[in-house]
Amino acid sequence: MTMENADSRAFVKDVKRIIIKVGTAVVTGQNGRLAMGRLGSLCEQVKQLNFQGYEVIMVTSGAVGVGRQRLQYRKLIHSSFADLQNPQMNFDGKACAAVGQSGLMAIYDTLFSQLDVTSSQLLVTDRDFKDPSFGDQLRETVFSLLDLKVIPLFNENDAISTRRQPYEDSSGIFWDNDSLAALLAAELNADLLIMLSDVEGLYSGPPSDPQSKIIHTYVNEKHGKLISFGEKSNVGRGGMQAKVAAAANAASKGVPVVIASGFATDSIIKVLKGEKIGTLFHNEANLWECSKEATAREMAVVARDCSRRLQKLSSEERKKILLDIADALEANEDAIRSENEADVEAAQAAGYEKSLVARMTLKPGKITNLARSIRAIADMEDPISHTLKRTEVAKDLVFEKAYCPLGVLLIIFESRPDALVQIASLAIRSGNGLLLKGGKEAMRSNAILHKVITGVIPDIVGKKLIGHVTSKDEIADLLALDDVIDLVIPRGSKNLVSQIKATTKIPVLGHADGICHVYIDKSADMDMAKRIVLDAKVDYPAACNAMETLLVHKDLNKSEGLDDLLVELEKEGVVIYGGPVAHDKLKVPKVDSFRHEYSSMACTLEFVDDVQSAIDHINRYGSAHTDCIITTDESAAEAFLQQVDSAAVFHNASTRFCDGTRFGLGAEVGISTGRIHARGPVGVDGLLTTRCILRGSGQVVNGDKGVVYTHKDLPL
């Protein structure tokens, strides 16, 4: 099931006529002077839209503020010393408007002229709209200007307004430039109203409060009584409360509204690209919110229902589903490769890193290998209901512990479409429902793979067993569903894993770092060491099981075998950095961290005194992923294997073997460095939990008076 994005803002693709309302706090600074940088950026964006064929209408505040600043300046120039001792700076608002209006429009005209754009001034009052014929005259004039590619600039004519000072009269057809913008949006049949403010949008509380959160989609039934407004800016007269009222009014008449920051240099462009910035008001927003919550929950609930139907099938029937998937992948290889090539071309054009492009590429033979691994999973022993333990609790009372599926899994992965296939296969074999969210860079590949896989799932199970989440915005909603999603497995960057762990109550299985060590003991076979180290670092440098740190016994410093190894690493393009000891002895560049986030081809070299020092170093600086010792000393090897506290610990073998397929698990959903539930490469068994079954013949506890406990182990 593909979950549609409830707040996709897809409607912007059909927008042609836009009204942009600019608040006083955007036009002027705190000192009342014009904010020329922001005005310049605003005019640049309007020019871009004008040239792209949009019809742009502006409603601008700021005349009163500009006029007040000019009158204050004139007053100071003509003041006596006595006047300066007791300055009187209260000015009539209408006079401020009369003085400031011409200056404000002159600035707009100058800026637009520099950009080869023509603007026009239209001043209106509340009285104008009371004339029945005014609406027709207004539309005729404005539409004529738009046909000529002229930008109409509206403002309330405060200088001759009949409204009381200090402009607190909220009666009439409109009462400030916010409500004027909403009125014009309806009168002029606008497709969108953008209201630029001094904050990023509407918050749940005062923006200065750290607990306040931005509201991306306003729903009156949900937010109307929950929002507390902070103090408005000390310029202008509307504030956020006035903007919300005007936006809600316009939205109710069918004109979508976005309140966004006028301080950002590209807010308008981002809104028209459909990006989720600011706060959206839309007359169907209440339906979106209901649909969004229901859909996220529905995906998980339906996946669970399908998983229970899957568990009812026989082992052979579940096996057949996997074999059908393998056949379908091979039958659709050309179509899959075509979609993947489109993803790769788009990623390269977008400038993605080469390592990411390499991970998302389905190379020749990859589909065949995936099909082979699926058939291997199908041939595995059926894990569902596999009995682990049987105990006679008392006569004719038998306790059993058996495997059972976890329930519903949410897998969030980046850049690797082959991960979708592996995870889906393991989920089916283990009887789990599945929700998948892949990276946008592999969107086409993920979509066709999901279609091919779900296409062969029989109706008796349901194709919604595997849900496909298509938008990043939906992740937060899914992570909140700790009552219906049982495990989250993130596969991607350290930031992705850490962010998910910090934002959900659902158990998370995965690893944030892959700091893997290889320790060369003093008794090591150096030819073997060279092979292992080169493979651990060079076979696939970007992999999480690639070597990051090379530990070497101090007795091998400057030995011929070590020198040869370092030369070979450098030939392969590996950049070697030294810790404190290695830096002093080898004169290589020094680093303060053992995490090479800046390059997968970097490697830290450090000397240690003995095997115990190596163990201590790994336990302190490692990430509990995969670590290896190369030695012919069995006692040193055994100490290393027992004392290194990592998910995978190897003796005389490359760290690159830490992989579900190589371990015979068929595939893996990821590698876990945690200590609860599953550790190391996670295959089918890592997607199972256990349940207790008790088979009795009428027994009751009754204070344990009539029960004779035997607790005898029984054969499976």
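Scroll up to find the structure.
Residues numbered from 1 in each chain as written. Predicted model: local features only at pLDDT ≥ 70, side-chain atom pairs only at ≥ 80, totals over all residues. Heavy atoms only, no water.

### Remarks on the overall build of the protein chain
Next, step 1: When helices and strands are counted, the protein chain shows 24 helices and 25 strands.
Next, step 2: For the protein chain, the residues scored as buried account for 52% of the 716 residues in total.
Next, step 3: The long-range share in the protein chain, meaning contacts at least 24 apart out of those at least 6 apart in sequence, stands at 74%. (Helix = DSSP H or I, 4+ residues; strand = E, 2+ residues; numbered from the N terminus. Buried < 20%, exposed > 50% of the residue type's maximum accessible area, 1.4 Å probe, protein only. Contact = heavy atoms within 4.5 Å.)

### With respect to the packing of helix α12 (residues 315-331) against helix α15 (residues 366-378)
Next, step 1: Between α12 and α15, the shortest axis-to-axis distance is 9 Å and the interhelical angle comes to 175°. Classed by the angle they form, the pair α12 and α15 counts as roughly antiparallel. Here Lys319, Leu322, Leu323, Ile325, Ala326, Asp327, Leu329 and Glu330 of α12 come into contact with α15, specifically with Ile367, Thr368, Ala371, Ile374, Arg375, Ile377 and Ala378.
Next, step 2: Partitioned by chemical class, the residues of the contact of α12 with α15 number 10 nonpolar, 1 polar and 4 charged. (Axes fitted to C-alpha atoms, helices over the stretch in contact; angles between N-to-C directions. Parallel < 35°, antiparallel > 145°, perpendicular 65-115°, else oblique. Nonpolar A, V, L, I, M, F, W, Y, C, P; charged D, E, K, R; others polar.)

### Regarding the environment of Ile194
Next, step 1: In this fold, Ile194 is placed in strand β6 (residues 192-197).
Next, step 2: The spacing of Ile194 and Lys21 is 173 residues in sequence and 6.2 Å in space, taken between C-alpha atoms.
Next, step 3: Excluding residues that lie within four positions of it along the chain, Ile194 makes contacts with Ile18, Ile19, Ile20, Lys21, Val258, Ile268 and Val271.

### Things to note about the pairing of strand β17 (residues 547-553)
Next, step 1: Counting buried positions along β17 yields 7 of 7 residues, so the element is predominantly enclosed.
Next, step 2: Crossover strand β16 (residues 516-520) to β17 through helix α20 (residues 526-538) is right-handed.
Next, step 3: In the sheet, β17 pairs with strand β19 (residues 602-608) via 5 bridges, with the strands oriented parallel. Bridging across to β19, Leu551 finds its partner in Glu606. (Right-handed = clockwise from strand over helix to strand, strands pointing away. Pairing = 2+ DSSP bridges.)

### Remarks on the pattern of salt bridges
Next, step 1: Applying the stated criterion to the full structure yields 31 salt bridges.
Next, step 2: A salt bridge links Arg318 to Asp382; the nearest nitrogen and oxygen atoms lie 2.5 Å apart. In this pair, Arg318 sits in helix α12 while Asp382 sits in the loop between α15 and β10 (387-394), placing the two residues 64 residues apart along the sequence. Residue Arg318 shares its accessibility class with Asp382, and that shared class is buried.
Next, step 3: For Arg679, the salt bridge is made with Asp645, and the minimal N-O distance between the two is 3.3 Å. (Salt bridge = Lys/Arg side-chain N within 4 Å of Asp/Glu carboxyl O.)

### Points about the packing of aromatic side chains
Next, step 1: Under the defined criterion, the tally for this structure stands at 4 aromatic pairs.
Next, step 2: Summarising the aromatic geometry, the rings of Tyr108 and Phe112 are spaced 6.3 Å apart at their centres and angled 20° between planes, so their arrangement reads as stacked. Here Tyr108 and its partner Phe112 are both found in helix α5 (residues 93-114), 4 residues apart, which amounts to about one turn of the helix. Each member of the pair, Tyr108 as well as Phe112, carries the same accessibility label: buried.
Next, step 3: Here the basic side chain of Arg38 rests over the ring of Phe263, its NZ or CZ set 4.0 Å away from the ring centre. (Phe/Tyr/Trp six-rings, centres within 6.5 Å; stacked < 30°, edge-to-face > 60°. Lys NZ or Arg CZ within 6 Å of the ring centre and 35° of its normal.)

### Examining the sheet that holds strand β2 (residues 17-22)
Next, step 1: Reading across the sheet, the 8 strands line up as β4-β5-β3-β2-β6-β8-β9-β7 and stay open at both edges, with mixed pairing between neighbours. Either end of the sheet is taken by a strand with one partner, and the two such strands are β4 (118-124) and β7 (217-218).
Next, step 2: Inspection of the sheet shows β2 paired to β6 by 5 bridges, in the parallel sense. From the neighbouring strand, Val22 faces β6, where its bridge partner is Leu196.

### Some words on α15
Next, step 1: Over its 13 residues, α15 extends 18 Å from the first C-alpha to the last, a length consistent with the 18 Å expected when each residue adds 1.5 Å.
Next, step 2: When we look at burial in α15, the residues that qualify are Ile367, Leu370, Ala371, Ser373, Ile374, Ile377 and Ala378. The buried residues of α15 occupy one face: seen down the axis, they fall within an arc of 160°. (Expected span 1.5 Å × (residues − 1). Arc of directions from axis to C-beta.)

### Remarks on the environment of Arg695
Next, step 1: Mapped onto the elements, Arg695 comes out in strand β24 (residues 688-695).
Next, step 2: In this view, Arg695 contacts Asp396, Leu397, Val398 and Glu400; residues no more than four positions away in its chain are not counted.
Next, step 3: Among the polar contacts made by the side chain of Arg695, one reaches the side chain of Glu400 at a distance of 2.9 Å. (Polar contact = N/O pair within 3.5 Å; in protein donor to acceptor, adjacent residues only side chain to side chain.)

### Re helix α17 (residues 443-455)
Next, step 1: Taking 1.5 Å of rise per residue, 13 residues should cover 18 Å, and α17 covers 18 Å from first to last C-alpha, within 8% of that figure.
Next, step 2: For α17, every residue scored as buried is listed here: Ser445, Asn446, Ile448, Leu449, His450, Val452, Ile453 and Thr454.

### Focus: the nonpolar core
Note that soluble globular proteins tend to have their nonpolar side chains buried in a common cluster.
Next, step 1: Among the nonpolar cores identified, the biggest contains 49 residues, and Leu329, Leu434 and Ile466 are the most heavily contacted of them.
Next, step 2: For this core, the secondary-structure elements that each account for two or more residues are α11 (285-312), α12, α15, β12 (408-413), α16 (417-430), β13 (433-437), α17 and β15 (487-491).
Next, step 3: Every residue in contact with Leu329, bar those within four places of it in the chain, is listed here: Ile336, Ile367, Ile374, Val421, Leu449 and Val452.
Next, step 4: Core analysis: the second largest hydrophobic core is formed by 38 residues, Ile57, Phe134, Phe174 and Ala250 among them. (Core = buried A, V, L, I, M, F, W, Y, C linked by side-chain atoms within 4.5 Å.)

### Some remarks on the side chain of Ser623
Next, step 1: Here Ser623 lies in the loop between α23 (611-621) and β20 (626-630).
Next, step 2: The exposure class of Ser623 is buried, given its relative accessible area of 14%.
Next, step 3: Separated by 2.8 Å, the side chain of Ser623 and the backbone nitrogen of Ile515 make a polar contact.
Next, step 4: Beyond its immediate sequence surroundings of up to four residues, Ser623 is in contact with Asp513, Gly514, Ile515 and Thr673.

### Description of the environment of Leu180
Next, step 1: Checked against the element boundaries, Leu180 lands in helix α7 (residues 177-187).
Next, step 2: Between the C-alpha atom of Leu180 and that of Ala246, which follows or precedes it by 66 residues, the distance is 8.3 Å.

### A closer look at unusual backbone geometry
Next, step 1: In this structure, Ser415 is a non-glycine residue whose phi angle is positive, near 65°.
Next, step 2: For Ser415, the location among the structural elements is in the loop between β12 and α16.
Next, step 3: Using a relative accessible area of 3% as the deciding quantity, one classes Ser415 as buried.

### Focus: the packing of α23 against helix α24 (residues 634-643)
Next, step 1: Interaxial distance between α23 and α24 falls to 10 Å at its minimum, and their mutual angle equals 20°. As summarised for this structure, α23 and α24 are arranged roughly parallel, according to the angle between their axes. Relative to α24, α23 is oriented so that their crossing is right-handed. Side by side, α23 and α24 meet where Val611, Gln612, Ile615, Ile618 and Asn619 of the first sit next to Ala636, Ala639, Phe640 and Gln643 of the second.
Next, step 2: The residue makeup of the contact of α23 with α24, split by class, is 6 nonpolar, 3 polar and no charged. (Left-handed = near helix turned anticlockwise from the far one by under 90°.)

### Topic: the pairing of β13
Next, step 1: Across the 5 residues that make up β13, a large majority, 5, are buried.
Next, step 2: Here β13 shows no split at all, with Gly433, Leu435 and Lys437 on one side and Leu434 and Leu436 on the other all buried.
Next, step 3: Taken together, β12, α16 and β13 constitute a β-α-β crossover, and its handedness is right-handed.
Next, step 4: Of the strand pairs in this sheet, β13 and strand β14 (residues 466-469) are connected by 4 bridges, and their pairing is parallel. Across the sheet, residue Leu436 finds its bridge partner in β14, namely His468.
Next, step 5: Handedness of the β-α-β unit built from β13, α17 and β14 comes out right-handed.

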